[in-house]
Amino acid sequence: SRGLGDVYKRQALCLESVITGRKVQDYRGTRTNLFTICVGPSGVGKDLPRKLNRELLQGTPLEGPEKFFSGTGVSAALEQNPALLCQPDEVGIFLRSACSEQAKTSGNGVAAAMMTAYSSADTIWTPDGYANADRSISVNQPHLVMYGSTTGPVLYEALSGGEAANLSLIHI
């Protein structure tokens, strides 16, 4: 158990990441966008860092929605504000839904949109193609940052195959 100190460090890194988003990169074009998940039992205090970030970013364009319900929602939010910090509570439930076979075949594509936005941080992202070209959008250097929290059993149930390799986890 690493404790809450590491949780607050991760929270601060996510806050710094969204503030420096689209401004800082290394020589390869790597950006500061992070996806992190704090994993711990109920009642341990993993929601306090989310509340602190929400309070610090309240009313700024950097404060993103807690959850997305479609890939189009991800692209619309980033079109409006290209640097966003999203902080889903019980992200394990979200991941279970987003990574389910039904989500993969229904075309809502939240997980796919989040990952392609994440990997497009150094370029122009054109997420969706429509028959009506007026509906198509592009986002210059999308900078999506996620700080989520959940309990271990819910997260581990949600993850199968290679999804776990894409996450940075803190165990309390």
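Located above this text is the structure these notes cover.
Residues numbered from 1 in each chain as written. Predicted model: local features only at pLDDT ≥ 70, side-chain atom pairs only at ≥ 80, totals over all residues. Heavy atoms only, no water.

Caption draft 1: Highlighting the pattern of salt bridges. Tallied over the full model, the rule gives four salt bridges. With a shortest N-O distance of 3.6 Å, Lys-9 and Asp-6 are connected by a salt bridge. Residue Lys-9 and its partner Asp-6 are both found in helix α1 (residues 4-20); the two are separated by three residues, about one turn of the helix. Asp-6 gets classed as partly exposed once you look at its relative accessible area, which sits at 22%. A salt bridge links Arg-50 to Asp-89, with the shortest nitrogen-to-oxygen separation between them at 3.5 Å. Here Arg-50 is found in helix α2 (residues 48-57), whereas its partner Asp-89 is found in the loop between β2 (83-86) and α4 (91-98), with 39 residues between them in sequence. (Salt bridge = Lys/Arg side-chain N within 4 Å of Asp/Glu carboxyl O. Helix = DSSP H or I, 4+ residues; strand = E, 2+ residues; numbered from the N terminus. Buried < 20%, exposed > 50% of the residue type's maximum accessible area, 1.4 Å probe, protein only.)

Caption draft 2: Examining helix α3 (residues 71-80) more closely. Looking only at α3, the buried set comprises Gly-71, Val-74, Ser-75, Ala-77 and Leu-78. For α3, the angular spread of the buried residues around the axis is 160 degrees, confining them to a single face. On its buried face, α3 is in contact with β2, α6 (110-119), β3 (124-125), β4 (139-140) and β5 (143-150). (Arc of directions from axis to C-beta. Contact = heavy atoms within 4.5 Å.)

Caption draft 3: A look at the packing of α1 against α2. In the contact formed by α1 and α2, the axes pass within 9 Å of each other and the chain directions differ by 30 degrees. One way to sum up the angle between α1 and α2 is to call them roughly parallel. In this structure, the crossing between α1 and α2 has a hand that is right-handed. Residues Val-7, Tyr-8, Gln-11, Leu-15 and Val-18 of α1 form the contact with α2, whose own contacting residues are Leu-48, Pro-49, Leu-52, Asn-53, Leu-56 and Leu-57. Its residues placed into classes, the contact of α1 with α2 shows nine nonpolar, two polar and no charged. (Axes fitted to C-alpha atoms, helices over the stretch in contact; angles between N-to-C directions. Parallel < 35°, antiparallel > 145°, perpendicular 65-115°, else oblique. Left-handed = near helix turned anticlockwise from the far one by under 90°. Nonpolar A, V, L, I, M, F, W, Y, C, P; charged D, E, K, R; others polar.)

Caption draft 4: Quick peek at the packing of α3 against α6. In contact at an axis separation of 7 Å, α3 and α6 are set at 35 degrees when each is read in the N-to-C sense. Of the residues in α6, those in contact with Gly-71, Val-74 and Leu-78 of α3 are Val-110, Ala-113, Met-114 and Ala-117. The class makeup of the residues in the contact of α3 with α6 is six nonpolar, one polar and no charged.

Caption draft 5: Molecular detail of the side chain of Ser-120. Within the secondary structure, Ser-120 sits in the loop between α6 and β3. Residues within four places of Ser-120 in sequence aside, it is in contact with Trp-125, Gln-141 and Pro-142.

Caption draft 6: Representation of the nonpolar core within the structure. Residues Phe-68, Val-74, Leu-78, Leu-95, Met-114 and Leu-144 are the most contacted members of the largest nonpolar core, which totals 24 residues. Contributing elements (two or more residues each) for this core: β1 (35-39), α3, β2, α4, α6, β5 and α7 (152-158). In terms of residue count, the dominant contributor to this core is α6 (four residues). Excluding residues within four positions of it along the chain, Phe-68 makes contact with Gly-73, Val-74, Ala-77, Cys-86, Phe-94, Val-110, Met-114 and Leu-144. Counting 10 residues, the second-largest nonpolar core is a separate cluster that includes Leu-15, Val-18, Leu-57 and Ala-83. (Core = buried A, V, L, I, M, F, W, Y, C linked by side-chain atoms within 4.5 Å.)

Caption draft 7: A look at the environment of Leu-95. If you trace the backbone, Leu-95 turns up in helix α4. Leu-95 sits in the buried class, given a relative accessible area of 10%. Each C-alpha atom, one on Leu-95 and one on Tyr-156, is 9.9 Å from the other, the two residues being 61 residues apart in sequence.

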